Amino acid sequence: MTQTLHIIGGGMAGSEAAWQAANAGVQVVIHEMRPKVETFAHRTGNLAEMVCSNSFRSDDHEQNAVGLLHWEMRQAGGIIMEMAAKHRLPAGGALAVDRDPFAESVTAALMAHPNISVSYEEITELPSDGHWIIATGPLTSEGLGKAIQAETGAEALAFFDAIAPIVYFDSVNMDVAWMQSRYDKGETEEERTAYLNCPMTKDQYEAFIDALLAADKTEFHEGETAGYFDGCLPIEVMAERGRETLRFGPMKPVGLTNANDPDNKPYAVVQLRRDNALGTLYNIVGFQTKMKYGAQKEVFTMIPGLENAEFARLGGIHRNTFINSPTLLDAEMRLKSRPNIRFAGQITGVEGYVESAAMGLLAGRLAAAEIQGRSVDPIPNTTAMGALVTHISGGAEAKTFQPMNVNFGLFPPLDGMRGGRKGRKERYKGYTDRAKEDFNQWLAAQS
């Protein structure tokens, strides 16, 4: 048993951790409670199911920290990036995928691997021996959550993550909406026209905000508090922060020209991104919500072009949990009080599919090396992966620790680089060039 790696959770992090360890020659068992034990957000029993969005965000590996993380995962032979490439959808400069075939492909690849098996049951206690990775994500089951809480002696931190609605394309009024990526971004015509855009006049926008603020919202259960992650705020919470907040956020009109009325610039624009390869489903970008279902239909059909919209899925909200990693984990992602257990993915306090998968990749490699008696140099904090793990394992302030996306603010500064907005392009290129060199050297040292 001690030479087998056990992974609790078959999401992005667990799937990637299993793939990395198995490819290193380690026997892996994935313990996944779905579909026997369901969650609010999941629909299937597939591994690596995408529940919140179908986007891995920017794929720009020279000017964007998320794109750099994509690059590092590809260099390391990551299963998530491999399958994302096979099921990629047009999304301008972003990496979006056809979510169901993507998850099915990840599941098939893991199930076919000779070193991987899957056990479908819920784990409710922390294991006392063996090698384990806990990658249960933001929807950790109540039983295991209580076991983690009992071990760490601290209450689990929590925030609420909201799911955006999905619309059937054939119900969109294309006499009003048009296809265009912001700033016409993309190398092909398909990429440059990857998004559906719905324009609003000032009066329409003001009426929309009024309806949004007045709509019936989902109530929290007793004892719950709404500590939202700023990168995934419900639109009504954004609207409560100021009437112009959405117009400078997900509804910003910049970089777009209304093909149906090119002489009039929209006051605000709602964008929808393709959600499947057939192009029959589109999700409303940035429109995570905690409105009740009836209110969602009333409010969202106020959007020009969506007046007759039919919804394949309405938005929802669920409670996400994560541990105070800076106080609990060491530099190799091991629980200090039980070093036979590593944590990976969103439960560590990283936010996003990509960040979760990257922490799974790193945990899988570290666990495999430990099982095989190999030493692995610490991953440089100049890399995207290294910056993230440094942040969660001690770089962040424990008292105010909150979920974090990868960003260049986590990277060590570059000497001699110009600060401010004007020097940003050169500075970001410097970050990514340095990261790529250091990451390749780190990978080479393991071979």
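Please refer to the structure higher up on the page.
So, here's what we can say about the structure. For clarity, every value in this text was computed on a predicted model and none was experimentally measured.

About the thresholds
- Residues numbered from 1 in each chain as written.
- Predicted model: local features only at pLDDT ≥ 70, side-chain atom pairs only at ≥ 80, totals over all residues.
- Heavy atoms only, no water.
- Helix = DSSP H or I, 4+ residues; strand = E, 2+ residues; numbered from the N terminus.
- Rg over C-alpha atoms; globule rule 2.2 N^0.38 Å.
- Buried < 20%, exposed > 50% of the residue type's maximum accessible area, 1.4 Å probe, protein only.
- Areas by Shrake-Rupley, 256 points an atom, 1.4 Å probe, with all protein chains shown as cover.
- Lys, Arg positive; Asp, Glu negative; His and termini not counted.
- Charge placed at Lys NZ, Arg CZ, Asp CG, Glu CD.
- Expected span 1.5 Å × (residues − 1).
- Arc of directions from axis to C-beta.
- Pairing = 2+ DSSP bridges.
- Contact = heavy atoms within 4.5 Å.
- Axes fitted to C-alpha atoms, helices over the stretch in contact; angles between N-to-C directions.
- Salt bridge = Lys/Arg side-chain N within 4 Å of Asp/Glu carboxyl O.
- Core = buried A, V, L, I, M, F, W, Y, C linked by side-chain atoms within 4.5 Å.
- Phe/Tyr/Trp six-rings, centres within 6.5 Å; stacked < 30°, edge-to-face > 60°.
- Parallel < 35°, antiparallel > 145°, perpendicular 65-115°, else oblique.
- Left-handed = near helix turned anticlockwise from the far one by under 90°.

## Some points on the overall build of the chain
And step 1. For the chain, the helix and strand inventory stands at 13 helices and 17 strands.
And step 2. Computed over C-alpha atoms, the radius of gyration of the chain comes to 22 Å, within 12% of the 22 Å expected from 2.2 N^0.38 for 447 residues, which places it in the range of a compact globule.
And step 3. Its C-alpha atoms give the chain principal-axis dimensions of roughly 65 × 50 × 45 Å.
And step 4. Buried residues in the chain amount to 58% of all 447 residues.
And step 5. Of the roughly 18,600 Å² of accessible surface on the chain, 49% is carried by carbon and sulfur atoms.
And step 6. Put simply, the chain has 42 plus and 56 minus side-chain charges, and the middle of one group is 5 Å from the middle of the other.

## Details of helix α4 (residues 99–112)
And step 1. Helix length check: α4, at 14 residues, gives a terminal C-alpha distance of 20 Å against a target of 20 Å (1.5 Å per residue), a fit within 8%.
And step 2. Residues of α4 that are buried: Arg 99, Phe 102, Ala 103, Val 106, Thr 107, Ala 109 and Leu 110. One side of α4 carries all its buried residues, which in axial view fall inside an arc of 165°.

## Thoughts on the sheet that holds strand β14 (residues 311–313)
And step 1. If you trace the 6 strands from one edge of the open sheet to the other, you get β10-β11-β12-β13-β9-β14, paired in antiparallel fashion. Looking at which strands have only one partner, the edges of the open sheet turn out to be β10 (178–179) and β14.
And step 2. Judged from the 2 bridges that link them, strand β9 (residues 166–168) and β14 form a sheet pairing that is antiparallel. Counted as the bridge partner of Val 167 is Phe 311 from β14.
And step 3. Helix-sheet contacts for helix α7 (residues 202–214) involve β11 (195–200) and β12 (268–274), and the interaxial angle to β11 is about 95°.

## Here we look at the sheet that holds strand β4 (residues 88–89)
And step 1. In spatial order, the strands read β3-β5-β4; together these 3 strands make up an open sheet with antiparallel pairing. Because the sheet does not close on itself, it has two edges, and the strands there are β3 (55–58) and β4.
And step 2. Sheet analysis places β4 next to strand β5 (residues 94–97), joined by 2 bridges and oriented antiparallel. In the strand pairing of β5, Leu 89 is matched with Ala 96.

## Description of the pattern of salt bridges
It is possible for side chains of opposite charge to pair when their charged atoms get near one another.
And step 1. Counted according to the given criterion, the structure contains 21 salt bridges.
And step 2. We note a salt bridge from Arg 192 to Glu 189, for which the minimum N-O separation is 3.7 Å. Placement of the pair is Arg 192 and Glu 189 together in helix α6 (residues 189–192), with a separation of 3 residues, close to one helical turn.
And step 3. Residue classification places Arg 192 among the partly exposed residues on the basis of a relative accessible area of 27%.
And step 4. Across the salt bridge formed by Arg 342 and Glu 370, the nearest N and O atoms sit 2.9 Å from each other. In this pair, Arg 342 is assigned in strand β17 (residues 338–343) and Glu 370 in helix α11 (residues 353–371), connecting sequence segments 28 residues apart.
And step 5. Judged by relative accessible area, which is 3%, Arg 342 ranks as buried.
And step 6. Here the salt bridges do not stand alone but share partners, grouping Asp 330, Glu 332, Arg 334, Arg 342 and Glu 370 into one network.

## Examining the nonpolar core
And step 1. Grouped together as the largest cluster of nonpolar side chains are 78 residues, with contacts concentrated most on Val 28, Phe 56, Met 73, Ile 80, Phe 102 and Phe 411.
And step 2. In terms of residues, this core owes the most to one element, α11, which gives 13 residues.
And step 3. Sequence-distant contacts of Phe 102, defined by excluding residues within four places in its chain, comprise Met 12, Ala 48, Met 50, Phe 56, Ile 80, Met 83, Ala 84, His 87 and Val 97.
And step 4. Within the second largest apolar cluster, 34 residues are counted, among which are Val 270, Ile 284, Val 299 and Phe 300.

## Considerations on α11
And step 1. An ideal rise of 1.5 Å per residue puts 27 Å on 19 residues; α11 measures up with 27 Å between its terminal C-alpha atoms.
And step 2. Most of α11 is tucked away, with 18 of its 19 residues classed as buried.

## With respect to the packing of aromatic side chains
And step 1. Taken as a whole, this structure holds 15 aromatic pairs when the rule is applied.
And step 2. Centroid distance Phe 322 to Phe 401: 6.1 Å. Interplanar angle 70°. Geometry classified as edge-to-face. Placement of Phe 322 in strand β15 (residues 316–322) and of Phe 401 in the loop between α12 (384–395) and α13 (424–446) is noted, with a sequence separation of 79 residues between them.
And step 3. Classification of Phe 322 by relative accessible area gives buried; the value is 1%.
And step 4. With a centroid separation of 5.7 Å and an interplanar angle of 40°, the aromatic rings of Phe 439 and Trp 442 are classed as tilted.

## Some remarks on unusual backbone geometry
And step 1. Phi is positive for Ala 48, close to 55°, though the residue is something other than glycine.
And step 2. Structurally, Ala 48 is set in the loop between β2 (27–31) and β3.
And step 3. Notably, Tyr 183 is not glycine yet its phi reads approximately 60°, a positive angle.

## Remarks on the packing of helix α2 (residues 65–75) against α13
And step 1. α13 packs onto α2 with a crossing angle of 20° between their chain directions and a minimal axis gap of 11 Å. When the axes of α2 and α13 are compared, the pair comes out roughly parallel. The crossing of α2 and α13 is right-handed. Contacts between α2 and α13 involve Leu 68, Trp 71, Glu 72 and Gln 75 on the former and, on the latter, Thr 432, Ala 435, Lys 436, Phe 439, Asn 440 and Leu 443.

## Section: the environment of Val 66
And step 1. The topology assignment puts Val 66 in helix α2.
And step 2. A C-alpha to C-alpha distance of 9.9 Å links Val 66 and Ala 94, two positions 28 residues apart in sequence.
And step 3. If we ignore the near neighbours within four places in the chain, the residues touching Val 66 are Phe 56, Arg 57, Ser 58, Val 354, Glu 355 and Val 406.

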